[in-house]
Amino acid sequence: MQNKMKQACKDRGVLCFKTIAVGVRGYPDLTIFLPAGKTWLVEVKQPGGRLSASQIRRHRELERNGHHVETLDSVEDFIDTLEHHL
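Please read all numbers here as calculations on a predicted model, not as lab measurements.

Asks: Just checking my understanding: could you explain the packing of aromatic side chains for this structure?
Replies: For any two aromatic rings, the description comes down to two numbers: the centre-to-centre distance and the angle of the planes. Taken as a whole and assessed by the stated rule, the structure comprises two aromatic pairs. A ring pair is formed by F17 and F33, whose centres lie 6.0 Å apart and whose planes are at 65°; its orientation type is edge-to-face. Linking F17 in strand β1 (residues 15–18) with F33 in strand β2 (residues 30–33), this pair joins segments that are 16 residues apart in sequence. Given a relative accessible area of 37%, F33 falls into the partly exposed group. On the basis of an interplanar angle of 15° and a centroid distance of 5.1 Å, the ring pair of W40 and F78 is categorised as stacked. Of this pair, W40 sits in strand β3 (residues 39–44) while F78 is found in helix α3 (residues 75–85), placing the two residues 38 residues apart along the sequence.

Asks: So what exactly am I meant to see when it comes to the sheet that holds β3 here?
Replies: Strand pairing in a sheet relies on backbone hydrogen bonds. The paired strands run either parallel or antiparallel. One open sheet accounts for four strands, arranged β1-β2-β3-β4; its pairing is mixed. On the outer flanks of this sheet lie β1 and β4 (68–72), each paired with one strand and no other. For this sheet the average axis-to-axis angle between neighbouring strands, irrespective of direction, equals 25°. Here four bridges tie β2 to β3, and the two strands are oriented antiparallel to one another. Each bridged residue has a counterpart across the sheet, and for L30 the counterpart in β3 is V42. Contacts from helix α2 (residues 53–64) reach β3 and β4, with the element oriented near 145° to β4. Docked against the sheet, α3 engages β2, β3 and β4, running at close to 155° with respect to β4.

Asks: Got a minute to help me understand the environment of V42 in this structure?
Replies: When you line up the elements, V42 lands in strand β3. For V42, a relative accessible area of 0% gives the class buried. Sequence separation between V42 and P28 is 14 residues; the distance between their C-alpha atoms is 5.5 Å. Apart from the residues within four sequence positions on either side, V42 is in contact with P28, D29, L30, I32, E70, L72 and F78.

Asks: Looking at this structure, I do not really get the pattern of salt bridges. What am I missing?
Replies: Note on pairing: side chains with opposite charge can pair once their charged atoms come close. According to the stated counting rule, one finds three salt bridges in the structure shown. Two residues, E83 and R12, come together in a salt bridge whose shortest N-O distance is 2.4 Å. Taken together, the positions of E83 in helix α3 and R12 in the loop between α1 (2–11) and β1 put the pair 71 residues apart, joining distant regions of the chain. Under the relative-accessibility criterion, R12 is labelled partly exposed at 31%. With its nearest N and O atoms 3.5 Å apart, the salt bridge here joins K18 to D29. Taken together, the positions of K18 in strand β1 and D29 in the loop between β1 and β2 put the pair 11 residues apart, joining distant regions of the chain.

Rules and cut-offs
Residues numbered from 1 in each chain as written. Predicted model: local features only at pLDDT ≥ 70, side-chain atom pairs only at ≥ 80, totals over all residues. Heavy atoms only, no water. Phe/Tyr/Trp six-rings, centres within 6.5 Å; stacked < 30°, edge-to-face > 60°. Helix = DSSP H or I, 4+ residues; strand = E, 2+ residues; numbered from the N terminus. Buried < 20%, exposed > 50% of the residue type's maximum accessible area, 1.4 Å probe, protein only. Pairing = 2+ DSSP bridges. Axes fitted to C-alpha atoms, helices over the stretch in contact; angles between N-to-C directions. Contact = heavy atoms within 4.5 Å. Salt bridge = Lys/Arg side-chain N within 4 Å of Asp/Glu carboxyl O.

Treat this as a map of the structure, not an account of what it does.
The structure is reproduced here in structure tokens:
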């Protein structure tokens, strides 16, 4: 699913990276650099998947610091949201 999301970004000329935050629990899976200097962080879950306690804490911390974090569980929802951001 993440590869399809990354490809959707690439197809639209948007930078998207799989995020590996060494030593940091709960950091979102994808970091997406949108036009106009905006950053979008995406946690990818399988349908019905739930956030862990560390993910909830980390996402709230990021949001308190002005970053946009979303949890998505389908490529279709990802593309719709990406299009909205563009």
